[in-house]
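# Structure assessment
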Amino acid sequence: MVTASFDRYQRRDSIIHRLDARVKVVIAVLFIVSNVFLPDGAWLAFAIAWALVLLTVRLAQLALTSLLKRSLVALPFALAAVTIIFTHPGETLAAWRVGSWTITATEAGLVRFASIMLRSWISVQMALLLAATTPFPDLMHALRHLRVPAVLITIISFMYRYLFVVTDEAGRLLRARAARSARPAAGQGGGSLLWRARTAGNMVGQLLLRSVERSERVYNAMAARGYRGHFLTMNPHVMSARDWLACVVAVAWLVSAQMIGRL
Amino acid sequence: MYPAISPLLHVPDGFLSPAVTAITWLLAAIAVWLAAHRAQTRFRERLIPLAGIMAAFIFAAQMINFPIAGGTSGHLVGAALAAIVLGPWMGILVMTAVIALQALLFQDGGLVAMGANILIMGVVPALGGYGLYRAVINHSRRLQLATAGVAAWFSVMAAALLTALLLGFSGTFSLRIAVPAMLGVHALIGLGEALITVAALSFIMNSRPQLLQESAATGSRGWIIAGGAIVLLVIFLSPFASGLPDGLEWVAQENGFLQAAREAPYQIMPDYTIPALGDTAVSTIVAGAVGAAIAGGGAWVVARLLPRLRSRKERAGS
């Protein structure tokens, strides 16, 4: 198998892992929404929000370093926001002359840039925590109980189920191409650009047809086993006292962050 | 080996303002609800396995790349291809599943920003991609392939433009920088998308033409109008959007950073203008039209060359 597993779930036996998945989804979403509403430059409020992340990491018995490493996923996007430092109106902090242009950094721009970076960075960490402490099938199940349309949930669950099957297939196509073609220089393929594009396109077409045909086989197998268009679940969700407590603590935490941020 | 494809089209959390988040979620929810409804009436019980596995396919197809030049490689976003092969509603549904899973499992794109991402990579490319293709389904194969290439290019450009606009309205980026920068980068990404889409479609036309015939006519003629509107928006909105004063710009800084952005090395046509025509809206529109013509010409050449290459190969093989 080319790809071991896509799952980011990390098995532990912690309070956070045992929480009802619905509670975790709701808290994560509220957390991110709360970040969106925090005003620029409310550093203390950002710190309080981040403290909730740290607390969750500790309670979930996860390693902070790996979380921080993964939280850089939004970095390429964030770097593009650098321009805001130079275009946001405000008091001039520094100006450089480059040839015939002057580049001016403003204080308000810097504050806005830092706030956007923090907001995004803290939010990504909470999303990471959600994925690390909740198995994906549980996550889907929770979303379904939170009234996300069943069609969508079932499609995503199916996608998750066949993700590694189809990526393995793609991996085999890529390996076959690598085996067939010599590599003149690193990163440079042989042949003309059009020829290379056509090869890649044929692989994509091949993969698409194989996927369509697989879906037909899967559907026939499902129909043979009595599938009528919807799935049944045998895992009822019950909210325990601990789940309610987690909700209350998280909401109180976010409300206080908002209040401090607006002082 | 998780593929990180065009990270600039996956908006993370924290970049969109509350108002933009709410509006994009509303629009995305309506579009996805409609798509689920329409796809369900067409595919019935087949819907779930087909959509699920096709979503996994899009994810996997994004891994397949080919070297272009100088270390860059072309790869697929896949929204236009999905909409053309599976029909527009199914295309939207499949891309929504891809976006949701990428956000939930890989934090690639935000959870709260997901509404915007569904519009950017699901709805708009399906409109632009399928809409253009729908206009030529009864014409020759060559024209179909060329149109699919142009549609794929425009679907990426429309996605890039929408991303820039949403970020501009959120006050996260300056529109004057975001629009030309995003379109400049994605003009190249779109070229890779167009080439792969044309080749993949040509492969499917040879191997399993019934698949396309089933899907092609499922959308009504209204899609042609939607597709045309997207193309016109990309060509005409770009210059005006990049010229809009967005309240965040320090206009007094005429010679400041804006000038620097214009000199970015990756822009073939600086700031989407033709230098000889000056920095006017007309100039940018001409630049957009030239870009479209180049993409169309490229797709036409590919469509012409494909059968020839293939027949040569067959001759060699026999």
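By convention here, each chain's residues receive numbers from 1 onward along its written sequence. Each chain takes a letter, starting from A, and each ligand takes a number, starting from 1, following the order in which they are written. The predicted nature of this model means local features are confined to residues of pLDDT at least 70 and side-chain atom pairs, given and counted, to a pLDDT of 80 or more, with totals for whole chains, interfaces and linings taken over all residues.

## Overview of helix α2 (residues 47–61) of chain B
A helix here means a DSSP run of H or I that spans at least four residues, while a strand means a run of E at least two residues long, and both kinds are numbered starting from the N terminus. One fewer than the residue count of a helix, multiplied by 1.5 Å, yields its expected span. The end-to-end C-alpha separation of α2 of chain B is 20 Å, in line with the 21 Å expected for 15 residues at 1.5 Å each. Here the C-beta atoms are placed from the backbone, and a residue counts as buried if at least 20 other C-beta atoms lie within 10 Å of its own, exposed if 12 or fewer do, and partly exposed otherwise. Along α2 of chain B, 15 of the 15 residues are buried, which leaves the element largely enclosed by surrounding structure.

## What to know about the packing of helix α9 (residues 150–180) of chain A against helix α4 (residues 88–106) of chain B
In this description, a line fitted to the C-alpha atoms serves as the axis of each element, helices being fitted only across the stretch in contact, and the angle between N-to-C directions of two axes falls anywhere from 0 to 180 degrees. Direction vectors running N to C along α9 of chain A and α4 of chain B enclose 65°, while the axes themselves pass 9 Å from each other. Regarding the angle of α9 of chain A to α4 of chain B, the classification is roughly perpendicular. In this structure, α9 of chain A crosses over α4 of chain B, and the sense of that crossing is right-handed. Packed against α9 of chain A, whose contacting residues are Leu-152, Ile-155, Ile-156, Met-159 and Tyr-160 of chain A, the element α4 of chain B presents Leu-93, Thr-96, Ala-97, Ala-100 and Leu-101 of chain B at the interface. Working rule for angles: under 35 degrees goes down as roughly parallel, over 145 as roughly antiparallel, 65 to 115 as roughly perpendicular, anything else as oblique. Left-handed describes a crossing whose near helix is turned anticlockwise from the far helix by less than a right angle; the clockwise case is right-handed. Any residue pair is listed as a contact if its two C-beta atoms, each placed from the backbone, are within 7 Å.

## Topic: the packing of α4 of chain B against helix α5 (residues 114–134) of chain B
All names here are of chain B. For the pair α4 and α5, interaxial distance at closest approach is 9 Å and the crossing angle is 150°. With respect to α5, the element α4 is oriented roughly antiparallel. The hand of the α4/α5 crossing is right-handed. Contact residues: Pro-88, Gly-91, Ile-92, Met-95, Thr-96, Ile-99, Ala-100 and Ala-103 in α4; Met-114, Asn-117, Ile-118, Met-121, Gly-122, Val-123, Ala-126 and Tyr-130 in α5. Throughout, the ten residues Ala, Val, Leu, Ile, Met, Phe, Trp, Tyr, Cys and Pro are labelled nonpolar, Asp, Glu, Lys and Arg are labelled charged, and all others, Gly among them, are labelled polar. Its residues assigned to classes, the contact of α4 with α5 comprises 12 nonpolar, 4 polar and no charged.

## Section: helix α2 (residues 21–37) of chain A
For α2 of chain A, spanning 17 residues, the distance from its first C-alpha to its last is 25 Å, which sits close to the expected 24 Å at 1.5 Å a residue. Where burial is concerned, most of α2 of chain A is hidden: 12 out of the 17 residues are buried. For α2 of chain A, every residue scored as buried is listed here: Ala-21, Arg-22, Val-23, Lys-24, Val-25, Ile-27, Ala-28, Phe-31, Ile-32, Ser-34, Asn-35 and Val-36 of chain A. Against the buried residues of α2 of chain A lie α3 (43–59), α7 (107–133), α8 (136–145) and α11 (241–261) of chain A together with α1 (18–43) of chain B.

## Some points on the environment of Thr-147 of chain B
Residues and elements named next belong to chain B. You can see Thr-147 is positioned in helix α6 (residues 141–169). Residue Thr-147 is classed as buried on the basis of its C-beta count, with 24 C-beta atoms lying within 10 Å. Separated by 51 residues in sequence, Thr-147 and Val-198 have C-alpha atoms that sit 8.8 Å apart. Those residues in contact with Thr-147 that lie beyond four places of it in its chain are Leu-132, Tyr-133 and Val-136.

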